[in-house]
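The primary structure of each chain is shown beneath.
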Amino acid sequence: MASTSKQYKAIGEDIWKGRTEKINAELFALTYGALVVQLIQDYEDYAEVNKQLEKMGYNIGTRLIEDFLARSAIGRCSDFKEVGEVVAKVGFKSFLNITPTVMHAGPLPSESTRSSTPTPSANAVGSSFTLTLDENPLAEFVELPEEALEGGLWFSNVLCGVLRGALEMVQMQVQASFIADVLRGDETTEIRVTLLKYLEEEVPVGDD
Amino acid sequence: MSHHLYLLSPSDTPLYSLTHYSSKPAQTTTTSPLASNLPSWSTSAFAGTLTALSGATSATQAHHVQGGTVRIGGGQDRHVIQMIANASLDVVEEVVRKDNMMYLKSVDKFNEWTVSAFVTPGNMKFVLLHEARNDDGIKSFFHEVWELYVKTMLNPFHTAHTPIRSPVFDARVRASAKKYL
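Throughout what follows, the structure given in this document is the object of discussion. (Residues numbered from 1 in each chain as written. Chains lettered and ligands numbered in written order. Predicted model: local features only at pLDDT ≥ 70, side-chain atom pairs only at ≥ 80, totals over all residues. Heavy atoms only, no water.)

This brings us to the interface of chain A and chain B. Counting residues at the interface gives 13 residues for chain A, matched by seven residues for chain B. Here chain A meets chain B over a buried area of about 840 Å², counting both sides, of which 73% is carbon and sulfur. The largest share of the area that chain A buries against chain B comes from Val37(A), Phe141(A) and Glu143(A), three residues that together contribute 61% of it. At the junction of chain A and chain B, the tally comes to zero salt bridges. Here chain A is connected to chain B by two residue pairs in polar contact (both at pLDDT 80 or more). When its residues are assigned to classes, the side of chain A that touches chain B shows 11 nonpolar, one polar and one charged. (Contact = heavy atoms within 4.5 Å. Buried area = accessible area lost by both parts, 1.4 Å probe. Salt bridge = Lys/Arg side-chain N within 4 Å of Asp/Glu carboxyl O. Polar contact = N/O pair within 3.5 Å; in protein donor to acceptor, adjacent residues only side chain to side chain. Nonpolar A, V, L, I, M, F, W, Y, C, P; charged D, E, K, R; others polar.)

Note on sheets: strands pair through backbone hydrogen bonds, and any given pair is parallel or antiparallel. Residue and element names in this part refer to chain B. Reading across from one edge, β2-β1-β7-β6-β5 is the order of the five strands in this open sheet, with antiparallel pairing throughout. Either end of the sheet is taken by a strand with one partner, and the two such strands are β2 (14-21) and β5 (103-110). Shown here is a sheet whose adjacent strand axes are inclined to one another by a mean of 20°, direction ignored. Relative to β2, strand β1 (residues 2-8) runs antiparallel, the two being bridged by seven bridges. Among the inter-strand pairings, Leu8 is bridged to a residue of β2, identified as Pro14. The sheet strands contacting helix α4 (residues 167-180) are β1 and β2, and the helix crosses β2 at an angle near 40°. (Pairing = 2+ DSSP bridges. Helix = DSSP H or I, 4+ residues; strand = E, 2+ residues; numbered from the N terminus. Axes fitted to C-alpha atoms, helices over the stretch in contact; angles between N-to-C directions.)

All names here are of chain A. For the structure shown, the criterion picks out zero disulfides over all chains. Here Cys77 is not disulfide-linked; the sulfur of Cys160 is the nearest cysteine sulfur, at 19 Å. By relative accessible area, which is 24% here, Cys77 ends up partly exposed. (Disulfide = S-S within 2.5 Å. Buried < 20%, exposed > 50% of the residue type's maximum accessible area, 1.4 Å probe, protein only.)

Another point: the packing of aromatic side chains. Counted according to the given criterion, the structure contains 13 aromatic pairs over all chains. Where Tyr16(B) meets Phe169(B), the ring centres are 5.0 Å apart and the plane angle is 75°; that geometry is what we call edge-to-face. Placement of the pair is Tyr16(B) in strand β2 and Phe169(B) in helix α4, with a sequence separation of 153 residues. An identical accessibility class is assigned to Tyr16(B) and Phe169(B); each is buried. Over the aromatic face of Trp16(A) sits the side chain of Lys22(A), whose NZ or CZ is 5.1 Å from the ring centroid. Here the guanidinium or amino end of Arg184(A) rests over the ring plane of Trp154(A), the centre of that ring lying 3.8 Å away. (Phe/Tyr/Trp six-rings, centres within 6.5 Å; stacked < 30°, edge-to-face > 60°. Lys NZ or Arg CZ within 6 Å of the ring centre and 35° of its normal.)

The subject of this paragraph is the layout of surface pockets. In this structure, the largest pocket spans a volume of roughly 1,300 Å³. Only α2 (25-43), α3 (46-72), α4 (80-96) and α6 (158-169) of chain A provide two or more residues apiece to the lining of the largest pocket. Among the elements that line the lining of the largest pocket, the one with the most residues is α4(A), at eight residues. Considering only enclosed or pocket space, the second largest pocket measures out at about 700 Å³ in volume. Along the wall of the second largest pocket there are 26 residues; nearest its centre are Glu143(A), Leu144(A), Asn155(B), Ser166(B) and Pro167(B). Put simply, the parts of the chain that give the lining of the second largest pocket at least two residues each are α5 (146-151) of chain A together with α3 (135-153) and α4 of chain B. Among the residues forming the lining of the second largest pocket, the class breakdown is 13 nonpolar, six polar and seven charged. (1 Å grid on protein atoms, 1.4 Å probe; cavity = no way out; pocket = protein on both sides within 12 Å on 5 of 7 lines; lining within 4 Å. Points joined across faces, edges and corners; volume = space filled by probe spheres on them.)

Moving on: a negative patch on the surface. Residues and elements named next belong to chain A. Together, Glu26, Asp134, Glu135 and Glu140 line one region of the surface with negative charge. Structurally, Glu135 is set in the loop between β2 (128-133) and α5. Glu135 gets classed as partly exposed once you look at its relative accessible area, which sits at 44%. (Patch = residues over 30% accessible without salt bridge, like charges linked within 9 Å, V, L, I, M, F, W, Y side chains within 5 Å. Areas by Shrake-Rupley, 256 points an atom, 1.4 Å probe, with all protein chains shown as cover. Lys, Arg positive; Asp, Glu negative; His and termini not counted. Charge placed at Lys NZ, Arg CZ, Asp CG, Glu CD.)

What follows deals with α3(B). Residues and elements named next belong to chain B. A rise of 1.5 Å per residue sets the reference length of α3, with its 19 residues, at 27 Å; its end C-alpha atoms lie 27 Å apart and thus fit the reference within 8%. Here α3 has its buried residues at Gly137, Ile138, Phe141, Phe142, Val145, Leu148, Tyr149 and Thr152. Along α3, the residues classed as buried sweep out an arc of 130° about the axis, all on the same side. (Expected span 1.5 Å × (residues − 1). Arc of directions from axis to C-beta.)

Note that all results are geometric; they support no functional claim without further evidence.
Below, the structure is given as structure tokens:
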């Protein structure tokens, strides 16, 4: 059952309203800010901090997806484009109360495989969507110092990890990363999510 | 007409300073150079200091001191301004002990400089040196600076009671000064 964009928005709105436990936005932003600053002091390397934030996000995402599916009762998405729509309109809305705009892109033509595929379907490996966040509750009041700007810190990198973890639990292996951030002086805050491959059902790895 | 703003931590460390030149017309102030009160037998060294002190006026005036060098008191002497600000801190603390308000109007007067102070609940002192009376404008200005200061404190990368170097804060304070002063 393909829901329209409006229906997704309504579902997201309902879930957000239905949550009884909400947290003060300032407390949330301050907690996350303290976390990032502590990581910077511990690791002293901004690339490493980015990695750790992404790892933390991954662990959050693998657990968050269960909560999301339980509350939203949305069925399987028909293609990757729909995944993007659901993530933006229902996912972000129900957890952060923001609705990023989505832009879809088909797979980029690769030079190695010149197979004669007609038009690339929205399901093809390599499809991607870009989420543009016009507000970021994690980064209220934040101003990055010079060293962080030069070191390449993505302040809200935990979000990329959440997306990767959550989508992996529904059999999609994706790569999520920031391509722009207003904290770094860019015009917008954008996350690109690229589909790497669909996962077969298999024994979860890593917990042994 | 100029204004000097100083933000001081609870331990009286200056965290931020700003000099703002207002474009609003200056009201006529009667300046009484201290030098003219000196008896004629005063030494030139003492007179020199006083000339420097009275040099802290924005109006260009020529001071003739008996036995001292003629000095045109134009422009502000940076050190004098800071000395005035520091001296007013004692008065501020006295007033704070008595009253319980945040905005203490003018706590001190030196020549034609009035010192207004604002003490935040976190015991940060904002000290403003100005020449003309402008209570409402200064009160609104202090409140805006307070809001901007709170926002700076919420930045996780800012350590409390360290000098504020954020260019965004600086720009916003300047804009606020332009609006109210």
